[in-house]
Number of protein chains: 2
Amino acid sequence: MTQRRTRPTINQVAEAAGVTKSSVSRAFTRPEMLSADTVSKIFAAAEKLGYVPNHTARALSTGRHGNIALIVPDVANPFFPPLIRAAQAEADRSDYCVFLGNSDENPQQEDKLIGRFGGQVEGLVLASSRLGDEQIVAHSTRRPLVLINRDVEGIPRVLIDSATGVAEAVEHLAALGHKRLVYVSGPHGSWSNKQRRNAVRRSARQLGMEVSVISNEYAAFESGRRITANVLATGATAAIAFDDLTAQGMLAELLDRGISVPEQFSVVGCDDVLGAATYPALTTVSNRSVEAGKTALTLLIDILENNAIRDVRYVLNTSLVVRGTTGPAAG
Amino acid sequence: MTQRRTRPTINQVAEAAGVTKSSVSRAFTRPEMLSADTVSKIFAAAEKLGYVPNHTARALSTGRHGNIALIVPDVANPFFPPLIRAAQAEADRSDYCVFLGNSDENPQQEDKLIGRFGGQVEGLVLASSRLGDEQIVAHSTRRPLVLINRDVEGIPRVLIDSATGVAEAVEHLAALGHKRLVYVSGPHGSWSNKQRRNAVRRSARQLGMEVSVISNEYAAFESGRRITANVLATGATAAIAFDDLTAQGMLAELLDRGISVPEQFSVVGCDDVLGAATYPALTTVSNRSVEAGKTALTLLIDILENNAIRDVRYVLNTSLVVRGTTGPAAG
DNA sequence: CTGTTAGCGCGTTCAG
DNA sequence: CTGAACGCGCTAACAG
């Protein structure tokens, strides 16, 4: 059994180095206040004892922990991992640790997580938050907050504007001769969903196309399969799905039903998380989640370090990626 | 501007309730030690002031933070998100917050992260750690540690045994008449890679097949494409890849080269992270990452709460999932 | 059942 | 440039 001994404290180092706690503390935070001599003497002692400043004690004393929290609706949704990764990397550059929270698309869970993290983070970023505006505002009064894909005035936010890409998608379908299309919607509290739905409607109207909206609470492969029957029932010849997962589910179901894509039906996804991996390769709207994650963290850290209270609204545009699931409208 | 006032302390609550700090403290940790009367009196006062126990101060005093850290090589590798999600959910059930770390497949980065998290977590779980055995052992002497897909004696670990599934894959290929196959390996420090490579070799020998190993440090779609030329150069008729991503890259490259799968070449992946989304749908080895994540956390929490020093070696078996990328050996 | 007294380990005045 | 003293907010004995 290896011994799990208790860590050396600042006092032991002080004693070993023949100085006081204060000097040791300074050696680790503002060495320039000490003579080079004492500093190296202290470091030597610290090294020998294996001393590491106690993060918790320091946090209690200073009020800063060097932690931030990132909350997402679903870690396993392929849209988020790259975003998380980018956020991590950015946090790391400034020596922040990141708590990850999974809200399970559930506002209450999200609220609970914020509460749990609350006490030990400098700030948080909520990605695709499912919370109500008032709750978000309320939380933001307690500590710095930045939003991703959620547009609340007065709160720093980075938005991936899928509207531009979705509009291109509708135009693309119109150019292919489609007259009736359906938008398969996503989660209710989702800002992105609202934005996409509106973009589809607007463009369709302008182009004289008929559009119906089919709701589908939980965006995923299986639910994509399930709502396909409803989609077909509308008599539309093309569909734009809230995300690639849903689109992929529809693709699978369509193939199972012997409906060939894109010959008999066109499908476009959103977020481009699948790359060209589906068959046929999915036509979709590009995604900028990596930049979103990185930017959100840059923003947050800037707010934290510079005490800047910025009301930023950072918008990232998207565009259509045409691949193989869209084609001329079936006669 | 909403005011960002300083949080009320235990003292203010005590004063408001006409008791001492101790009682307030107890009301929040061991209410059964107090009379129902005082407890409700205290809660009322706390409620009115909006008091919330200070996590940091509590941690300093008790030495427990209620945090655990989870470190993975690459959040964006589809193998991990489900694992992370499951681990989160399990941590949540016991009110633990989880720090997520991304080591970028880099031992030094992993070490750095462990250090950073070290001071504020009760324990950690390292998934597919790229650290050396000695380092892992060293870290485990400081605080509880559980490993996923890493087999270090004396340290609690949960292993996804892909060997069983890989063996089935080799048999499957043998039954289809293949005589020469290649194993496309994964990251160097990876235990899973070693395990899979050995399983391929062992089974191939038993079945009288010839096998070459091609190395490919970073497992991903693009690198899968790149090594395809080398794979073909071996003259083999089938390949087993370290993971699905690599396999998917190979698929794309093979199609681009006009080599049809599975008619002219068979491919099998590992981890089943893509589902049936590739074309043709990928034959692969099943994955149990969700159970792995959940189990690892259950283990860790058990160790933490019950002070149990368990040398567990939890093994999860896998099996072959036959889909569309394997077929009879080309004449 | 409740109050008193010490710390937990460190940062930060304020003197010198 | 360095030391002494106090406080961060809370828990943990120890008394009553």
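Presented here is an overview of the structure given in this document. On a predicted model such as this, the values are computed, not experimentally measured, just so you know.

**Focus on the pairing of strand β3 (residues 123-127) of chain B**
Residues and elements named next belong to chain B.
And step 1. Most of β3 sits inside the fold, with 5 of its 5 residues counted as buried.
And step 2. Alternating residues of β3 divide into Gly123, Val125 and Ala127 and Leu124 and Leu126, and every residue in both groups is buried.
And step 3. Sheet topology places strand β1 (residues 67-72) next to β3; 4 bridges connect them, and they run parallel. Its bridge partner being in β3, Ile71 is matched across the sheet by Leu126.
And step 4. Sheet analysis places β3 next to strand β4 (residues 145-148), joined by 4 bridges and oriented parallel. Pairing of Leu124 across the sheet is with Leu145, part of β4.

**Section: the sheet that holds strand β9 (residues 266-268) of chain B**
All names here are of chain B.
And step 1. If you walk across this open sheet you meet the 4 strands as β7-β6-β8-β9, and the pairing is parallel. Across the chains shown, the open sheet's two edge strands, defined by having one partner strand only, are β7 (210-214) and β9. Within the sheet, the average angular offset between the axes of one strand and its neighbour, ignoring direction, is 20°.

**A closer look at the packing of aromatic side chains**
And step 1. Tallied over the entire structure, the rule returns 9 aromatic pairs over all chains.
And step 2. Ring geometry for A:Phe28 versus A:Phe43: centroids 5.2 Å apart, planes at 80°, classification edge-to-face. A residue pair is termed long-range when its members are at least 10 positions apart, and A:Phe28 in helix α2 (residues 21-29) and A:Phe43 in helix α3 (residues 36-49) qualify at 15 residues.
And step 3. Residue class for A:Phe28 comes out partly exposed when judged on its relative accessible area of 28%.
And step 4. The class for A:Phe43 is partly exposed, based on a relative accessible area of 35%.
And step 5. Look at A:Phe99 and B:Phe99: their rings are 3.8 Å apart centre to centre, the planes differ by 20°, and that puts the pair in the stacked class. Here A:Phe99, found in strand β2 (residues 97-102), pairs with B:Phe99, found in strand β2 (residues 97-102), and the two come from separate chains. For the residue pair A:Phe99 and B:Phe99, the accessibility class agrees, reading buried in each case.
And step 6. A network of ring pairs unites the aromatic residues A:Phe99, A:Phe117, B:Phe99 and B:Phe117 as a single cluster.

**Things to note about the sheet that holds strand β7 (residues 210-214) of chain A**
What links the strands of a sheet is backbone hydrogen bonding, and the strands pair in either a parallel or an antiparallel sense.
All names here are of chain A.
And step 1. Taken together, 4 strands build an open sheet; the order of strands is β7-β6-β8-β9 and the sheet is parallel. Looking at the sheet topology across the chains shown, the edges are occupied by β7 and β9 (266-268). Sheet twist, expressed as the average angle between the axes of neighbouring strands with direction ignored, equals 20°.
And step 2. Bridging between strand β8 (residues 238-241) and β9 involves 3 bridges; their strand directions are parallel. Residue Ala238 lies in a different strand from β9, and its bridge partner there is Ser266.

Criteria and cut-off values
- Residues numbered from 1 in each chain as written.
- Chains lettered and ligands numbered in written order.
- Predicted model: local features only at pLDDT ≥ 70, side-chain atom pairs only at ≥ 80, totals over all residues.
- Heavy atoms only, no water.
- Buried < 20%, exposed > 50% of the residue type's maximum accessible area, 1.4 Å probe, protein only.
- Helix = DSSP H or I, 4+ residues; strand = E, 2+ residues; numbered from the N terminus.
- Pairing = 2+ DSSP bridges.
- Axes fitted to C-alpha atoms, helices over the stretch in contact; angles between N-to-C directions.
- Phe/Tyr/Trp six-rings, centres within 6.5 Å; stacked < 30°, edge-to-face > 60°.

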